[in-house]
Amino acid sequence: MLLFITGKSSARSFSFTFAEYSLRSLSVKYIMTLALIFLVTGTWGQVTSIVILDHDERIRLQQVIEEHPRAGAMYDSIVAAASISLQHTPRPLKKLYYEGLLDTDPARINTVKSFDDMNHMAALIYAAYGNGSRHYGDKAREIIMAWAEAYQPDGNTINENKFVSFFWGYHLFKPFFNMREQAVAEKWIGTIARMQMERRSTPNNNWESKRLTMIGIAGALFNDSVLMKYSADGFKKYISTAYYPDGTSNDLLTRDALHYHISGIKPCISAFINLSPYHSGFKLFEWEAANGASIKKAVAYTIPYATGEKQRREWVNSTVELDKRRAEAGIEVYRPGRLFSPEDAAELFEWACYYNHEWYSIIEKPGDTPYLTTWIGLLNSPLVRRPGLTE
């Protein structure tokens, strides 16, 4: 099932340019920050999970944008970000220096600058959901080809997980690639997926959920049942061995931080939602392992911390050396004893609420119109999603 975005305009049409936004005295940084607030709730990082909508869902989204001012305002911010993305020059790297390095490491800092390309891809995808301008597809092609022709896959799961938005960008904008470009992009994506499959060993924590997600997406892109079955079966094994009946996980036990517990859950949920239309084996949100573990229970474990009912001090008993080095370097987010902030769980529930609409109350604020608090929450809401998709 190919979910490409055509060049046809939809109900809400925009022709904003960078110059027009400059005339409104909106800085580039302000526009991008505003948009990313809706793309990734309250965080400034790389967008590694993309909501994939089919044709009917995009039509519903366009109707919501037209009918609800709040949705229209959120979409305007996405268009603003995409306007900046159209002016952006890709910054591909031959090699990524990220995993295992301190946030203060110069090589990592340089790599993170290039990760802005992933955020630009997300902005292009989401803007195209409301307005099928071919400019978005052309720019997505430019960014993906820049990386496909420069970066040499090495099988590092944490680093290459950052390319998820490129995988989906290629899938959605494939008609904008000529035959040669399709061959190059598909070889590159296929190589990343194959090297992830061929890893001799992978930590049985958030690494594994990210590895399986990449393989599953590649399977959907190429209509490869072998890749999809490998991924779906792998998720079952992962749930069986990395999670526990009380909702805890290997990540939580070794890192002593909900930060990484959530980091392992969210790729699972985005994969289950996005890949289920391609392979029924991904309908795993409520699936229980023989030991009683499930992703649903892992999400439920976080609820009292997400609502503020309970407090939790992070990193206190982490057994991972990198966490200790981060603390010694004075990086606040990794400070032992730092209180978990309920806002840090919002990104998880933007996705999890797809399965349980009552969980929207966790991310909604008093006075908010239902389902219209965040962009990702809206895309995963019953206002947009096809009836009957949830398990």
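Residues numbered from 1 in each chain as written. Predicted model: local features only at pLDDT ≥ 70, side-chain atom pairs only at ≥ 80, totals over all residues. Heavy atoms only, no water.

Engineer: In this structure, what is going on with the environment of Asp251? I would like to understand it.
Structural biologist: Turning to its location among the elements, Asp251 is positioned in helix α13 (residues 250-255). Judged by relative accessible area, Asp251 falls into the buried class, the value being 2%. Remark: the alpha-carbon pair of Asp251 and Asn204, spanning 47 residues in sequence, is separated by 8.4 Å. Asp251 has contacts with Asn205, Asn206, Tyr238, Asp256, Tyr260, His261 and Gly264, leaving out every residue within four places of it along the chain. (Helix = DSSP H or I, 4+ residues; strand = E, 2+ residues; numbered from the N terminus. Buried < 20%, exposed > 50% of the residue type's maximum accessible area, 1.4 Å probe, protein only. Contact = heavy atoms within 4.5 Å.)

Engineer: I'm lost on the environment of Tyr354 in this one. Help?
Structural biologist: Its location among the elements puts Tyr354 in the loop between α17 (346-352) and α18 (360-363). Separated by 27 residues in the primary sequence, Tyr354 and Ser381 place their C-alpha atoms 6.0 Å from one another.

Engineer: Would you mind showing me how to read the pattern of salt bridges here?
Structural biologist: The final tally for this structure, using the stated rule, is 20 salt bridges. The partner of Asp103 in a salt bridge is Arg108, and the shortest N-O contact between them spans 3.6 Å. For Asp103, a relative accessible area of 31% corresponds to the partly exposed category. Residue classification places Arg108 among the buried residues on the basis of a relative accessible area of 8%. Across the pair Arg134 and Asp138 runs a salt bridge, and its minimum N-O distance is 3.0 Å. Of this pair, Arg134 and Asp138 both sit in helix α7 (residues 134-148), four residues apart, which is roughly one turn of that helix. With a relative accessible area of 22%, Asp138 lands in the partly exposed category. Three or more residues are tied together by salt bridges with common partners; here these are Arg255, Asp323 and Arg326. (Salt bridge = Lys/Arg side-chain N within 4 Å of Asp/Glu carboxyl O.)

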